[in-house]
Amino acid sequence: MVFAQVLGAAVNRKLTALLAVLILLTAGGAGLVSSGERGRKRPRKSGKKAGKGAKKEPRKEPEKEPKKDKTDEERKLLAEMERRKGATFPGRDPAFLVLPRPGERSQMVKELLTPEVKKMTREALEYLARTQDTDGGWSDTQFQSNTGVTALCCMAFMAEGSRPRIGKYGKHVNSGIEFLLKNVKKGSGVIAGKGSYQYGPMYEHALSTQALLLAWGDMPWKGDDIRKALTGAVEALKKSQRQDGGWRYLVSNQGNSDMSVTANVLWVLRTAKKCGFTVRQASIDKGTNYIRKCALPDGTFRYRYWGLHASPSLGGTGVIALMNQGRIDHKLIPPARDRIAYDYRRYTIKDLKTRRYFVYGAFYASLATYSCGDKYWLPWHKKCAAVFKSMQREDGEFYDQDDNLVYPTAMAAIILQAPLGYLPIYER
Amino acid sequence: MLLSDGRQTGGRPLKAAGAQAADARVPVHAVVLGSEHPLRDLRIDEIICDSEASLGDVLRFRVKITNQIRSPLGTRLTLYEDGKRVNQKSITLSRGQSNVAIATIPAKEGLREYKLSLPRYDDEVDTENNEATVHVKIVKRNLRVLLICGNPSREYFYLVPALLRDPVVQLSCWLQAADIDYIHQGNRGIDRLPRKIEEWKDYDVVLLFDIDPNKITTQQVAEMEHMVRDGGGLMVIAGRNHGLAKLIQVHAVKIREMLPVEIDKNRMPDYFKVFSRRFAVQRTPKGKGHPITRLDRDEKTNARIWTEFPRLYWHHPVKRAKPRSVVLLEREGKSARERTPVMAIHRYYKGAVFYSGINSLWRWRYPYGSYDYDRFWTNVIRYLGETRLRGTQQQVALTTDRRVYGPGEEVRVLLRVLDPALMAQLQGQPLYASVTTPQKEVQMVSLRPDASGEMLYVGTYRARRTGSMVLRAKQAAPGGSSKAEPLFDVEHNFKVKMQSLEAKDTSADLEGMRALAEQTKGRYFDYNNMSEIDQLVGAIPSDPQVLSKSIQVDLWDGTPFLILFILLIGAEWSLRKYWGLL
């Protein structure tokens, strides 16, 4: 038995040793099961030098890291969806137009606010700041101590980002607005000073109302004074709508209207609606109907609907007035918009700057083209800035055919700063 | 001669086997099959998306794709909704796993099937994995937002369209200064403010923008507080017209409790001061990671945008931020005193309250138009309304370090808190996750805050049983009733299964095989020098090779000993036979 046990142990040991050698010779074979990749293209470059036997290996090309996708797909999808939907007025009032969101960050500011434009703007604003009267108002060659001119100057500073008592020109805006409030006529609510236009103060009143509406939410120290002034001012506008649906110089509902004043008033009433004032839609519709009657098929507008000649400066006013119905796709808007674009493309700087009421027309055209998108706005603003560059005088002021200096400077400053997007009258 | 990919699926370690071969002076000539890259395959590993999405809103799919074709690989990811192509995206993938996002805007309600598809390439080992399908329930749901504004300041002009541009927002505006018969703005017009608790609960988010405290009753404020406590969102924007001091004076208890900052009730806005000095605002470290301040997916671009925003002139004075609030934005300054909080947020029971001391965010329309401005407001509203819209689930992410494990492996459970305000609310609270096996056995995993300081809770679980496991983390609101709806209730699935070791890694271990060849003084061949394989024949000697080696043999274990032993045993047996002893 002992013998058998010893024999068995010896044989087992031998077999174990033999087995170990076999395993060794198969080089850990049990574990090394081959499975390779076939059909692979041979890379041009190789890695480190191989084992002893390998002479030279081709160099392996390092694999490039792909670029990261930085576009915001979600925003683009939403923008595309909204673009297809177009402008909407989601509430019960078509005045509150919501335009589609931008699909990406706009480079418009960087493109338009060149150092040259910034310099022109700075000089224009400094000119306005210097020319402010001691009573807070502004005067012009034709319009002494005028509320309309003052309103435009305040809006020029607001376009820079200043608010009453806040910002670089906070003091100027504040005293300008105070001036407007001082010139509110008791009873009628009309905001017109002694230097109002000889034929009637509607321009001054409308522009002053616009400036007050924009400043209202940022003048808490005025308490209810500003609210009361605005209530009276908006009421005066509503009451003075004439039978033909429009407005004219006199704050009265008698007589005929003109397209320029009508568009201005409609524009102001729209802002009033946004600020919480009730304006009947029927009144807006009547006003817009008047504008429609003044429109010509070629995209121009007549000063009065029975007139023969179209006025080139009225294109912008027409577009912004038609937008009051909450339809940026109003059938009269595309020809009017294209006409403005054509005018600024077709005519030379010299032609444009010698045009009557050029700055006035440009101001309303800027409001219209801004809403129509960068396709129209960018070339328009560039051309306009080029005209302004040729117009700006040494002290920073601009002018019109009657050598008024302040209101054209204020309007030009507003246009030049529009790309900032700080003045709510520019809507997108 | 060893032909292998070098991947070990069992047996003794390659290094040890190599050492043994080297000791035995056996040169191992290693011929590598395969390359360092896995077998050619392009596959969709996982699609991460919400199980429920809003009609008309962006539905985003995060897709994990593994590219084993080449790098970089330019390909197309196509998204189908019920078999109809809705989006296609050109993507460039590097080798290995990448995350790609693709989105669509669902236009129909109901359960929709979304298929993501990648093109098939030649010689792919598996082409079925180039497609993956998920089902998403599309429901019509909106964020009902109520904006109460004191006066129509300039911010108001821009804020309303910004809110209305969000497709899920149903906006009701209430302008306190408006005419009595005024038609208020918004796509969900109202004629009066809510008066009953049920009416307040009809809103998900309420914005109080410089409100006149005398035009809202204390009862309305109390009901609004209840709405927030129940998961709603509140944003308080301070302005110069009324200021927060006045609001606190009129509605002290609730407003003071809800605000994430402390306001000096005696410090009224300074109307007579002209603010002509500019100051910059900066994101705090916590603010940098907060979803509200994320204006771009790319953090570098985001940081640049924040530095490009123009300076401001006015902000509401604040005493300090409350201890558990998260300051997102502060006034830039050298000392801590100068760095006043201008935007802060905190969790209020199940809801959230956001404070903004700036009323001129419209300045951020420069330099990129309304893009970032709109986005900021979308972020704020979505954040505040998220609890109602999708539950707080979106503010935590429950995951495991892998999706598939082998039995006995350690599963790392990660609960990432995406909202610093929620993290502050969870401070000091015990957190657990449960793992439910297919046999319905439940095991609790304790989650502890990560030591690195990240907003992360970590726990471990040892996989014992195989099958699909359900991981769940559920947390009640601190101070809330245990019966109340939980603060978050999130789930995550992972699998424990026996894995094929062959398929685990299909790349070749070039380095291991090279080391083996070098260790045993053999030749090494891989796809780089395979053309020289004929040299291998020359390396193997044709004559029988005599290998000399010293071996240590125990004498008792040798053949002579065996023969001697047999002889002795034989002699013993013969003698015993002879003597008749057997």
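Draft legend 1. View of the overall build of chain A. Of regular secondary structure, chain A possesses 16 helices and two strands. Residues counted as buried form 53% of the 428 residues belonging to chain A. Within chain A, contacts between residues at least 6 apart in sequence are counted, and of these 65% link residues at least 24 apart.

Draft legend 2. Looking closely at the overall build of chain B. Across its full length, chain B holds 14 helices and 29 strands. Taking 2.2 N^0.38 as the reference for a compact globule, 582 residues should give roughly 25 Å; the C-alpha atoms of chain B span a radius of gyration of 35 Å, well beyond that estimate. Each principal axis of the C-alpha distribution contributes one length, and for chain B these read about 135 × 60 × 55 Å. Evaluated residue by residue, chain B yields a buried proportion of 42% over its 582 residues. Once local pairs closer than 6 in sequence are excluded, the contacts in chain B between residues at least 24 apart make up 70%.

Draft legend 3. Up close: the interface of chain A and chain B. Taken together, the contacts link 78 residues of chain A with 97 residues of chain B. Breaking the side of chain A that touches chain B down by element, the ones donating at least two residues are α1 (2–25), α2 (73–85), α3 (108–112) and α6 (170–182) of chain A. Its residues placed into classes, the side of chain A that touches chain B shows 31 nonpolar, 18 polar and 29 charged.

Draft legend 4. How the structure looks around the sheet that holds strand β10 (residues 131–139) of chain B. Residues and elements named next belong to chain B. The sheet built from five strands is open, its strands ordered β4-β10-β9-β6-β7 with mixed pairing. With one partner strand each, in any of the chains shown, β4 (52–54) and β7 (84–93) form the two edges of the open sheet. Adjacent strand axes in the sheet meet at a mean angle of 30 degrees when their direction is disregarded. Examined bridge by bridge, strand β6 (residues 73–81) and β7 share nine bridges and lie antiparallel to one another. Directly across from G74, in β7, lies its bridge partner T92.

Draft legend 5. Inspection of the domain arrangement of chain B at higher detail. Domain annotation of chain B identifies domain 1 (2–36 + 507–539), domain 2 (144–390), domain 3 (395–503) and domain 4 (556–582). Put simply, the middle of domain 1 of chain B and the middle of domain 2 of chain B, counted by C-alpha atoms, are 68 Å apart.

Draft legend 6. Focus on the confidence of the model for chain B. Residue and element names in this part refer to chain B. Looking at chain B, the pLDDT average stands at 87 and 97% of residues meet or exceed 70. Averaged over each element, pLDDT in chain B is lowest for helix α11 (residues 501–504) (72) and highest for strand β13 (residues 205–209) (96). In the predicted assembly, ipTM is 0.81 and pTM is 0.75.

Draft legend 7. Inspection of the environment of R472 of chain B at higher detail. Residues and elements named next belong to chain B. Inspection of the secondary structure puts R472 in strand β27 (residues 467–475). On the basis of neighbour counts, which here come to 16 C-beta atoms within 10 Å, the residue R472 falls in the partly exposed class. In this structure, the C-alpha to C-alpha distance between R472 and V206, residues 266 residues apart in sequence, is 32 Å. The contact partners of R472, leaving out residues within four places of it in the chain, are A433, S434 and E491.

Draft legend 8. Structural detail: the nonpolar core. Residues M155, A156, L212 and I414 of chain A together with V145, L147 and L163 of chain B are the most contacted members of the largest nonpolar core, which totals 226 residues. Those residues in contact with A156 of chain A that lie beyond four places of it in its chain are L125, L128, A410, A413 and I414 of chain A. Within the second largest apolar cluster, 20 residues are counted, among which are I91, L93, L116 and A132 of chain B.

Draft legend 9. How the structure looks around the packing of helix α5 (residues 147–160) of chain A against α6 of chain A. Residue and element names in this part refer to chain A. As a packed pair, α5 and α6 sit with axes 9 Å apart at the nearest point and diverge in direction by 150 degrees. Considering their axes alone, α5 and α6 lie roughly antiparallel with respect to each other. In this structure, α5 crosses over α6, and the sense of that crossing is left-handed. In contact with T147, T150, A151, C153, C154, F157 and M158 of α5, α6 contributes H172, V173, G176, I177, F179 and L180. The residue inventory of the contact of α5 with α6, partitioned by class, reads nine nonpolar, four polar and no charged.

Draft legend 10. Seen up close, the pairing of strand β18 (residues 326–331) of chain B. All names here are of chain B. Along β18, five of the six residues are buried, which leaves the element largely enclosed by surrounding structure. Two elements, strand β16 (residues 281–283) and β18, share three bridges in a ladder whose sense is antiparallel. Of the residues in β18, the one forming a bridge with V281 is R331. Bridge analysis of β18 against strand β19 (residues 341–348) gives four bridges, and the strand direction is antiparallel.

Draft legend 11. Structural view of helix α7 (residues 202–216) of chain A. With 15 residues, α7 of chain A extends 20 Å from end C-alpha to end C-alpha; this agrees with the ideal 21 Å at 1.5 Å per step. Most of α7 of chain A sits inside the fold, with 15 of its 15 residues counted as buried.

Draft legend 12. Expanded view of unusual backbone geometry. Note the cis peptide between S71 of chain B and P72 of chain B, where omega equals -5 degrees. Along the chain, the position of P72 of chain B falls in the loop between β5 (59–67) and β6. With omega at 10 degrees, the peptide bond leading from Y366 of chain B into P367 of chain B counts as cis. Here P367 of chain B lies in the loop between β20 (351–356) and α9 (371–390). Unusually for a residue other than glycine, Y357 of chain A sits at a positive phi of about 50 degrees. Following the sequence through the fold, Y357 of chain A ends up in the loop between α13 (349–353) and α14 (358–371). Phi at Y349 of chain B takes a positive value of approximately 50 degrees, unusual for a residue other than glycine. Mapping Y349 of chain B onto the fold places it in the loop between β19 and β20.

Draft legend 13. Quick look at the pairing of strand β24 (residues 431–436) of chain B. Residues and elements named next belong to chain B. Note: β24 against strand β25 (residues 442–449), six bridges, orientation antiparallel. When the bridges of β25 are listed, A433 appears paired with V445. Hairpin connection from β24 to β25: five residues lie between these consecutive antiparallel strands, with K440 at a positive phi of about 70 degrees. Two elements, β24 and β27, share four bridges in a ladder whose sense is antiparallel. Across the sheet, the residue bridging to V435 is L471, located in β27.

Draft legend 14. Seen up close, the packing of α14 of chain A against helix α15 (residues 374–391) of chain A. All names here are of chain A. Running from N to C, α14 and α15 cross one another at 155 degrees; their axes reach a closest spacing of 9 Å. Considering their axes alone, α14 and α15 lie roughly antiparallel with respect to each other. Taken as a pair, α14 and α15 cross one another with a handedness that is left-handed. Contacts from A362, T369 and Y370 of α14 reach α15 at Y376, W377, W380 and C384.

Draft legend 15. A look at the confidence of the model for chain A. Residue and element names in this part refer to chain A. For chain A, the mean per-residue pLDDT works out to 82, and 82% of the residues sit at or above 70. Here α1 stands out as the element of chain A with the lowest mean pLDDT, 44, in contrast to helix α16 (residues 406–417), whose mean of 97 is the highest. Across residues 1–12, confidence stays below pLDDT 50; counting only partners more than four residues off in sequence or on other chains, it has four contacts. In the predicted structure, residues 14–60 sits below a pLDDT of 50 and forms 89 contacts with residues beyond four places in sequence or in another chain.

Draft legend 16. Representation of the environment of K286 of chain B in the model. Residues and elements named next belong to chain B. Mapped onto the elements of the fold, K286 is located in helix α7 (residues 285–288). For the pair K286 and Q170, spaced 116 residues apart in sequence, the C-alpha to C-alpha distance is 30 Å. Leave out the neighbours within four places in its chain, and K286 touches V326, V327 and P420.

Draft legend 17. Representation of helix α9 (residues 259–274) of chain A in the model. Residues and elements named next belong to chain A. Between the first and last C-alpha of α9 there are 23 Å, a value that for 16 residues agrees with the 22 Å anticipated at 1.5 Å per step. Judged by how many residues are buried, α9 sits mostly within the fold: 16 of 16 residues are covered. Trailing α9 by a residue or two, G276 shows a phi angle of about 105 degrees, which is positive.

Draft legend 18. Broad picture of the sheet that holds strand β1 (residues 2–4) of chain B. Residues and elements named next belong to chain B. Read across the sheet, three strands follow the order β1-β2-β29 without closing on themselves; strand pairing throughout is parallel. Two strands close off the open sheet at either side, each with one partner strand: β1 and β29 (524–525). Two elements, strand β2 (residues 30–32) and β29, share two bridges in a ladder whose sense is parallel. Looking across to β29, one finds that V31 is bridged to F525. Across the sheet, helix α12 (residues 510–520) lies against β1, β2 and β29, angled at about 165 degrees from β2, the strand it touches most.

Cut-off values and rules
- Residues numbered from 1 in each chain as written.
- Chains lettered and ligands numbered in written order.
- Predicted model: local features only at pLDDT ≥ 70, side-chain atom pairs only at ≥ 80, totals over all residues.
- Helix = DSSP H or I, 4+ residues; strand = E, 2+ residues; numbered from the N terminus.
- Buried ≥ 20, exposed ≤ 12 C-beta atoms within 10 Å, placed from the backbone.
- Contact = placed C-beta atoms within 7 Å.
- Rg over C-alpha atoms; globule rule 2.2 N^0.38 Å.
- Nonpolar A, V, L, I, M, F, W, Y, C, P; charged D, E, K, R; others polar.
- Pairing = 2+ DSSP bridges.
- Axes fitted to C-alpha atoms, helices over the stretch in contact; angles between N-to-C directions.
- Domains from an automatic or database assignment.
- pLDDT = per-residue confidence, 0-100.
- Core = buried A, V, L, I, M, F, W, Y, C linked by C-beta atoms within 7 Å.
- Parallel < 35°, antiparallel > 145°, perpendicular 65-115°, else oblique.
- Left-handed = near helix turned anticlockwise from the far one by under 90°.
- Expected span 1.5 Å × (residues − 1).

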